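Below are the chains, spelled out letter by letter.
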Amino acid sequence: MVFSSAFFMFVFLPIVLLLIGITKQKLHNTILLIASIFFYSWGSASHTLILLASIIINYVAGILLNKAEGGRAKIIVGIAIAINLGLLGYLKYYNFLLDNINSGLELFGKDIIIYQRVILPIGISFFTFQAMSYVIDVYRKTTPVQRNIFDLALYISLFPQLIAGPIVRYFDIADQLKNRTLSVGKAASGIQRFIFGLAKKIIVANSMAVIADEIFALPVGEITPGVAWLGLVAYTLQIYFDFSGYSDMAIGLGKIFGFDFPENFNYPYIAKSIKEFWRRWHISLSSWFRDYLYIPLGGSRKGELRTYVNLTIVFFATGIWHGASWNFVIWGMFHGIFLVIERIGLDKKLAKLWGPLQIGYTLLIVMVGWVFFKIETFNNAVLFLEKMSFLSNDDTAKMFVVEYLNFKTIFLFVFAIVYSFRGYRWMMELMHKWFISRNLDSTYQVIFRTSKFVISMLLFVVTILYLSASTYNPFIYFRF
């Protein structure tokens, strides 16, 4: 089940809200837990047992760790991490491993291994990392153990962030699991956030996806460099609005039910370095790898060479986390290389440049990286980059930029780019300063809240019209 489906918005969510509204607070966790398990089983019924197994394994690990000290605690947390990663590794990378083994066997003329392919459970990377953070934090004594298995189950399976994040740390919502406030104001804020995220996904991301998917599906020889750039710009906008839109919806749903989830995106396309990009993009994943991999490896405390090695390991892990394919590894290592180069000294040179040039450098690196993220084979990715750089000598192009543009797509491109570069937030801040300078802050608040409500309602209507008029509703991060 996806948030952008009619069933979720007009059947599932209203029923859950009704049940929450007519029952006492002590029953809310039970209702949300049952709803979350149903939500997950709707899209992956056969894998619900895996989710339940993850809950039980990490609950038992937490209880055992709470009583253990020293070497015994290290053994328990090591076993818990091994089980979590083993489960994730088998379900997510078994096919990938055997496919590569078979490629090697074919290369040497040997018989390949015949095997039954494993179906990837939805959202397993997200809920596994979330569960692991709980166990590790209990081991580190930075979060209290949860003795109520149903509350821990709710933390791991809570449907707003179950299948695509953000990855929520247990200590961030431990108190909220027991004591949280439901209010009209918070629910209204959550609804507006959900609608904005839904519009980003349905109106912008899906529209960009149509263009990007069509262009990337064409033989490289049939497109001009301009079309290649158009496809990459469309994909760059698609993946941002798709994933950040989903995060907005998750955060908004959390607010409706009284939870405060951490932000996951902060205008990453205005970053002035790759280092800053990863502070703004998929923040919950970046901070997870920082706290549970980079720092335990030694971080930057053991000399420059070790720091570079640690960064390489982290971004290899970041790449493979995103999917069982070499193109994700290449994408992760590509970012890791530039992080190392920046740390060697490029960051100091970048800091001396004009701000827009810093943003241009970062955006170019990020967009080149998206080519490897989008295209599964290295050779085809290189061919696409050659076409973009005008190095291809193929003159058989059949597709041109003008064939993909009309008033609607041009408007969406302009809007998406302006929004991505913080244009909307900048205009709101400028308006706020203007009203404050004239001692009209209360007037601004009235105008802002009224306009936000009106825009939200209009966006919702337009989004539903978009949704009803199209069956094309892809979601990039489902496979992670």
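Relevant structure appears above.
Residues numbered from 1 in each chain as written. Predicted model: local features only at pLDDT ≥ 70, side-chain atom pairs only at ≥ 80, totals over all residues. Heavy atoms only, no water.

The subject of this paragraph is the overall build of the chain. Check the secondary structure of the chain and you find 18 helices and 0 strands. A globule of 480 residues ought to have a C-alpha radius of gyration of about 23 Å, and the chain, at 24 Å, matches this closely. Reported as C-alpha extents along the three principal axes, the dimensions of the chain are approximately 70 × 70 × 45 Å. A separation of at least 24 residues holds for 75% of the contacts in the chain among residues at least 6 apart in sequence. Total accessible area on the chain stands at roughly 22,700 Å², and carbon and sulfur atoms take up 68% of it. Of the charged side chains in the chain, 42 are positive and 27 negative, and the gap between their average positions amounts to 10 Å. (Helix = DSSP H or I, 4+ residues; strand = E, 2+ residues; numbered from the N terminus. Rg over C-alpha atoms; globule rule 2.2 N^0.38 Å. Contact = heavy atoms within 4.5 Å. Areas by Shrake-Rupley, 256 points an atom, 1.4 Å probe, with all protein chains shown as cover. Lys, Arg positive; Asp, Glu negative; His and termini not counted. Charge placed at Lys NZ, Arg CZ, Asp CG, Glu CD.)

Time to look at the nonpolar core. Ranked by size, the top nonpolar core spans 140 residues in total, and within it F3, F8, F159 and W370 carry the most contacts. The biggest single contributor to this core is helix α9 (residues 225–256), with 17 residues. Excluding its chain neighbours within four sequence positions, the residues that come into contact with W370 are L232, Y235, T236, I239, Y269, F277, W281 and W331. (Core = buried A, V, L, I, M, F, W, Y, C linked by side-chain atoms within 4.5 Å. Buried < 20%, exposed > 50% of the residue type's maximum accessible area, 1.4 Å probe, protein only.)

Before going further, it helps to spend a moment on unusual backbone geometry. Of note, the amide linkage connecting G165 to P166 takes the cis form, showing an omega dihedral of 5°. You can see P166 is positioned in the loop between α6 (149–157) and α7 (170–178). A positive phi angle, close to 65°, is found at K141, a residue other than glycine. With respect to the element layout, K141 can be found in the loop between α5 (124–140) and α6. The phi torsion at H282 lies on the positive side, around 45°, for a residue other than glycine. Residue position: H282 is located in the loop between α10 (274–280) and α11 (283–297). Its relative accessible area of 0% is what places H282 among the buried residues.

Right, let's get into the packing of helix α12 (residues 304–322) against helix α13 (residues 326–351). Close contact between α12 and α13 brings their axes to 7 Å; oriented N to C, the two are set at 155°. Here α12 is positioned roughly antiparallel relative to α13, judged by the angle of their axes. When you trace α12 past α13, the crossing you get is right-handed. Between α12, through E304, T307, Y308, L311, T312, F315, F316, T318, G319, I320 and H322, and α13, the contact on the second element is made entirely by F328, V329, W331, G332, M333, H335, G336, L339, V340, R343 and I344. Among the residues forming the contact of α12 with α13, the class breakdown is 12 nonpolar, 8 polar and 2 charged. (Axes fitted to C-alpha atoms, helices over the stretch in contact; angles between N-to-C directions. Parallel < 35°, antiparallel > 145°, perpendicular 65-115°, else oblique. Left-handed = near helix turned anticlockwise from the far one by under 90°. Nonpolar A, V, L, I, M, F, W, Y, C, P; charged D, E, K, R; others polar.)

Summarising the element assignment, S300 is placed in the loop between α11 and α12. For S300, a relative accessible area of 41% gives the class partly exposed. When the C-alpha atoms of S300 and L311 are compared, they prove to be 9.1 Å apart, with 11 residues separating the residues in sequence.

Within the secondary structure, L230 is located in helix α9. Looking at L230, the relative accessible area reads 12%, which means it is buried. Here the alpha-carbon distance between L230 and F400, two residues 170 residues apart in the chain, equals 9.8 Å. The contacts of L230, once residues within four sequence positions are left out, are I211, I215, V401, Y404, L405 and F413.

Secondary-structure assignment places H47 in the loop between α2 (28–44) and α3 (48–67). Taking relative accessible area as the criterion, H47 reaches 10% and is therefore assigned buried. Aside from chain neighbours lying at most four places away, what touches H47 is Y40, I119, L120 and P121.

Moving on, we come to α3. Between the first and last C-alpha of α3 there are 30 Å, a value that for 20 residues agrees with the 28 Å anticipated at 1.5 Å per step. Buried positions along α3 lie against α2, α4 (70–107), α5 and α6. (Expected span 1.5 Å × (residues − 1).)

Across its 14 residues, helix α16 (residues 407–420) extends 20 Å between first and last C-alpha, which sits within 8% of the 20 Å expected from 1.5 Å per residue. What α16 keeps buried is the set T409, L412, F413, A416, Y419 and S420. Buried residues of α16, viewed axially, fall in a sector of 140°; they line one side. Residues of α16 that are exposed and angled more than 90 degrees away from the buried face: F407 and F411. In this structure N406 caps α16, since a side-chain oxygen of it lies 3.1 Å from the backbone nitrogen of K408. Looking one or two places after α16, you find R422, whose phi comes out positive at around 70°. (Arc of directions from axis to C-beta. Polar contact = N/O pair within 3.5 Å; in protein donor to acceptor, adjacent residues only side chain to side chain.)

A few words on a nonpolar patch on the surface. A cluster of nonpolar residues, F10, V11, I15, L18, L19 and I22, forms a patch on the protein surface that exposes about 560 Å² of accessible area. Mapped onto the elements of the fold, I22 is located in helix α1 (residues 6–22). (Patch = residues over 30% accessible without salt bridge, like charges linked within 9 Å, V, L, I, M, F, W, Y side chains within 5 Å. Salt bridge = Lys/Arg side-chain N within 4 Å of Asp/Glu carboxyl O.)

The contact between helix α8 (residues 184–217) and α16 brings their axes to 11 Å, and the two run at 115°. Taken as a pair, α8 and α16 cross one another with a handedness that is left-handed. In this structure, α8 contributes K200, I203, V204, S207, M208 and I211 to the contact, and α16 contributes T409, L412, F413, F415, A416 and Y419. Of the residues that constitute the contact of α8 with α16, the class distribution is 9 nonpolar, 2 polar and 1 charged.

Attention shifts here to the pattern of salt bridges. Side chains that carry opposite charge are capable of pairing whenever their charged atoms lie near each other. Inspection of every chain in the model, using the stated rule, returns 13 salt bridges. Two residues, D242 and K201, come together in a salt bridge whose shortest N-O distance is 3.0 Å. Taken together, the positions of D242 in helix α9 and K201 in helix α8 put the pair 41 residues apart, joining distant regions of the chain. In terms of burial, D242 and K201 fall into one category: buried. Between D260 and K255 there is a salt bridge whose closest N-O contact spans 3.5 Å. Connected through salt bridges with shared partners, the residues R193, K200, D248 and E263 form a single ionic network.

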